[in-house]
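# Working through the structure, step by step
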Amino acid sequence: MKKSFKKNKIKANKTGHQPERLKFSFFPGCSLKASGHENTLSLLKFCDRMNIELTELEDWNCCGSSSAHSIDHNIAKYLPMRNISLVPKGMPLLIACPSCLIRMKSMYSKIKNDDVLKQEYEEQWEQPFDEDLEIIHFFEIFNLIHVENYIDHARERLKKLKVAPYYGCMLSMPPDLRFEKNYSGVMEQTLERLGADIIPFGYSTQCCGTYLSVAKPQLAQKVVNQIVSGAMEAGAECMVTACAMCHLNLEIRCTVKNPIPTLHFSELLSMALGEEDQKKWFPRHIVDPVPLLKKRGLISS
């Protein structure tokens, strides 16, 4: 049965929980499955606690991310096309990686608005194009849920941890998606409800260098140092990211002395809900967040 994400604005019941489990197809992408695997682990934990079921697309492939479109237009076209063809009809597709979101949504929009491309899609994948497919970012589920309704004493959970939210540049939509949602403020509003102190700083949407971290590491180092230094100078104890690729760059390209740790948004959310799988997450961090979190009383070991 078709369930529209946009139209199904589920109301919370008196206990603060939606009456039925929300279900999405899930495209993790390469970063969340490799360098940012802790992002996936904590995201799945969080969604399960929020009564949200994510079903990973079977046999998905790289979407092309940052580089395919500048190397080979056919590859850039067919990589996201194939992933779109794998989504079960009637099931919204949830994506957490901003770069993957742009690749997938841009291609879907192009197919939908181009009859020739649509015919090519249907011939290539031997199935009709789903005109009603909804591709959403992880942040959009916060239109449906209220995290603070799932836990007692929500405003005490993050114990005034001083957090600088970093969105990166990929959530700023390209021209062909200019009418899509702006996700600015989602992390601030959510983490504040869970007791964090939000530290604004001037580089929250500056590019971290993305794939130039490999091609031109010195350039990435320069911008990363500017971002991390800006957060530290503003008084942040840690940064929280919306993007696994940004998270990686902020750690591996930073040469600032004694940098503050960087956490995935999903890690902070899961900790606030009382999840205790940090031993699986934090060893993957280059800048160890454990001393800060112990000091703040957010973890015991």
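Residues numbered from 1 in each chain as written. Predicted model: local features only at pLDDT ≥ 70, side-chain atom pairs only at ≥ 80, totals over all residues. Heavy atoms only, no water.

### Description of the domain arrangement of the protein
Each assigned domain of the protein is listed with its residue range as follows: domain 1 (3–137) and domain 2 (152–295). With centres defined by C-alpha atoms, the gap from domain 1 to domain 2 works out at 23 Å. Across the contact, 27 residues belong to domain 1 and 28 residues belong to domain 2. Counting across the domain 1 and domain 2 interface gives three salt bridges. Between glutamate 38 and arginine 284 there is a salt bridge, with the nearest N and O atoms lying 2.9 Å from each other. Secondary-structure elements contributing two or more residues to the side of domain 1 that touches domain 2 are helix H1 (29–33), helix H2 (37–49) and helix H5 (98–112). Class assignment of the residues belonging to the side of domain 1 that touches domain 2 gives a composition of ten nonpolar, twelve polar and five charged. (Domains from an automatic or database assignment. Contact = heavy atoms within 4.5 Å. Salt bridge = Lys/Arg side-chain N within 4 Å of Asp/Glu carboxyl O. Helix = DSSP H or I, 4+ residues; strand = E, 2+ residues; numbered from the N terminus. Nonpolar A, V, L, I, M, F, W, Y, C, P; charged D, E, K, R; others polar.)

### Some thoughts on the sheet that holds strand E5 (residues 162–166)
Overall, parallel pairing links the four strands, which are arranged E6-E5-E7-E8 in an open sheet. Bordering the open sheet on either side are strand E6 (197–198) and strand E8 (262–264), each of which pairs with just one other strand. The strands touched by helix H7 (residues 186–193) are E5, E6 and strand E7 (238–241); relative to E5, the strand with the most contacts, the crossing angle is about 155°. (Pairing = 2+ DSSP bridges. Axes fitted to C-alpha atoms, helices over the stretch in contact; angles between N-to-C directions.)

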